[in-house]
Structure formats: C-alpha cells, structure tokens
Amino acid sequence: MKVKSRVQLRKNAKNKMLKDLESTFGEEMAGLEKKTLEKVALDEFSLILVDGKPLLFEIEEHLFPTVRGALEMGLQKRLVVVDKGAIRFVSNGADIMAPGILEADPEIKEGDFVIIVEETHRKALAIGKALMEGQQMVNADSGKAIKSITHVGDKLWNFEF
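Everything in this summary refers to the structure shown in the same document. (Residues numbered from 1 in each chain as written. Predicted model: local features only at pLDDT ≥ 70, side-chain atom pairs only at ≥ 80, totals over all residues. Heavy atoms only, no water.)

Considering the overall build of the protein chain
So, point 1. Counting its secondary structure elements, the protein chain contains four helices and 11 strands.
So, point 2. Relative to its length of 161 residues, the protein chain is compact, with a C-alpha radius of gyration of 15 Å against a globular reference of 15 Å.
So, point 3. When its C-alpha atoms are laid out on the principal axes, the protein chain stretches across 45 × 30 × 25 Å.
So, point 4. The 161 residues of the protein chain split such that 45% are buried.
So, point 5. Across the protein chain, every contact between residues at least 6 apart in sequence was considered, and the portion connecting residues at least 24 apart equals 56%.
So, point 6. Surface summary for the protein chain: the accessible area is close to 8700 Å², and the carbon and sulfur share equals 46%. (Helix = DSSP H or I, 4+ residues; strand = E, 2+ residues; numbered from the N terminus. Rg over C-alpha atoms; globule rule 2.2 N^0.38 Å. Buried < 20%, exposed > 50% of the residue type's maximum accessible area, 1.4 Å probe, protein only. Contact = heavy atoms within 4.5 Å. Areas by Shrake-Rupley, 256 points an atom, 1.4 Å probe, with all protein chains shown as cover.)

This is the structure in structure tokens:
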C-alpha cells in the first residue's frame, strides 16, 4: 500500500468524526478526544491514525474501526459472533456464511459495516459489510451473510510507517 498523504486532523474535523463514531458505538469512542488523529490517504481507502496506530479507516465515506482498532478499543456494538469452525476461514479473508454465525447485533442493517468476532474470547477477526440484517444472519440456514473487507494478518493489519 502506497501512502499518498498524511495530515493531522483539525479540531473541527476531529470532533465531527468522533461525533459520528459515538453515534454508532456509544461512549467507548469518547477516549479518542484527547488523542492525536491523523488521516493517511492510501490507494484503496484512508486510514485514521490514533496516536500513530492505524485504528480507524474510511471506506465508502464511512468511518469504521480496523481489526486492530476493534481489538484495542474493545467495541461491543455491530458485532457478529462466528463459531470455532469459521475462525480459520475468516482469518484468511473468506466471506462469512450464515450457518457459521452464532449471534449478531439485532440493530445491524443490510449494508452496515460489522466487526466479526470469535465465540470463545470475542476477539475481532475481521471487518465486513453486512449482506443481510442482523436477525436474518442468525436465522438463515444458508447463504453469504457478510462480505469480508479486512482481516487479521492482511496488508492493513500489517501496515506500518
């Protein structure tokens, strides 16, 4: 991934961004107010560095945590829990099939970005885009439920300056 630009966010841009994140994830995002946020433009999307760490990214004009960001911030909304059998596939970038989903946030709408976590420790494995509503994911017997965008071990996970 090639860095096109890197700039520190101004206070008003930072505040708007934090307000959007808090509306999605709640108070868990309040801790970012005191941190330095930088926007890094890459080929495919923009990364938001939080004190130098790639914890957020901008995709389809939406701001969402990276897998590393979801792990570090301990987010509890927009979660989809997959069973143990799905872990190795999800960790390798596979899309998430409905039969492997144990739980899903009922507030998830089709098209929302979601955090895929494993059932035992609830650690983030991937970020994806919902192809169906949360309740539908849990009840469906077949079909693709989530399109994988980024996962543990991919180029975004390993991105360093």
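What follows continues from the structure just given.
Some words on the pairing of strand β6 (residues 79-82)
So, point 1. Side chains L79 and V81 project from β6 onto one buried face, and the interleaved V80 and V82 project onto a second face that is buried too.
So, point 2. The sheet contact formed by β6 and strand β9 (residues 113-118) spans four bridges and is parallel. Paired with V82 across the strands is E118, a residue of β9.
So, point 3. Relative to strand β8 (residues 101-104), β6 runs antiparallel, the two being bridged by three bridges. Looking across to β8, one finds that V82 is bridged to I101. (Pairing = 2+ DSSP bridges.)

Observations regarding the side chain of E38
So, point 1. Within the secondary structure, E38 is located in strand β2 (residues 37-41).
So, point 2. The exposure class of E38 is buried, given its relative accessible area of 16%.
So, point 3. Of the polar contacts made by the side chain of E38, one reaches the side chain of R6; its length is 3.0 Å.
So, point 4. Each residue touching E38, except ones within four places of it in the same chain, is listed here: R6, V7, Q8, L9, L47, I48 and L49. (Polar contact = N/O pair within 3.5 Å; in protein donor to acceptor, adjacent residues only side chain to side chain.)

Things to note about the packing of aromatic side chains
So, point 1. On inspection of all chains with the given rule, the structure shows three aromatic pairs.
So, point 2. Ring centres of F45 and F57 lie 5.4 Å apart, and the angle between their planes is 65°; this geometry places the pair in the edge-to-face category. Residue F45 is found in the loop between β2 and β3 (46-50), and its partner F57 is found in strand β4 (residues 53-59); the two are separated by 12 residues along the sequence. Per residue, the accessibility class of F45 equals that of F57, and both read buried.
So, point 3. Feature note: the residues F25, F64 and F113 constitute an aromatic cluster, connected by ring pairs.
So, point 4. A cation over a ring is seen here: R68 above W157, with NZ or CZ 4.2 Å from the ring centre. (Phe/Tyr/Trp six-rings, centres within 6.5 Å; stacked < 30°, edge-to-face > 60°. Lys NZ or Arg CZ within 6 Å of the ring centre and 35° of its normal.)

Focus on the sheet that holds β6
So, point 1. Reading across the sheet, the six strands line up as β7-β11-β10-β9-β6-β8 and stay open at both edges, with mixed pairing between neighbours. The strands lining the two open edges of the sheet, one partner per strand, are β7 (96-97) and β8.

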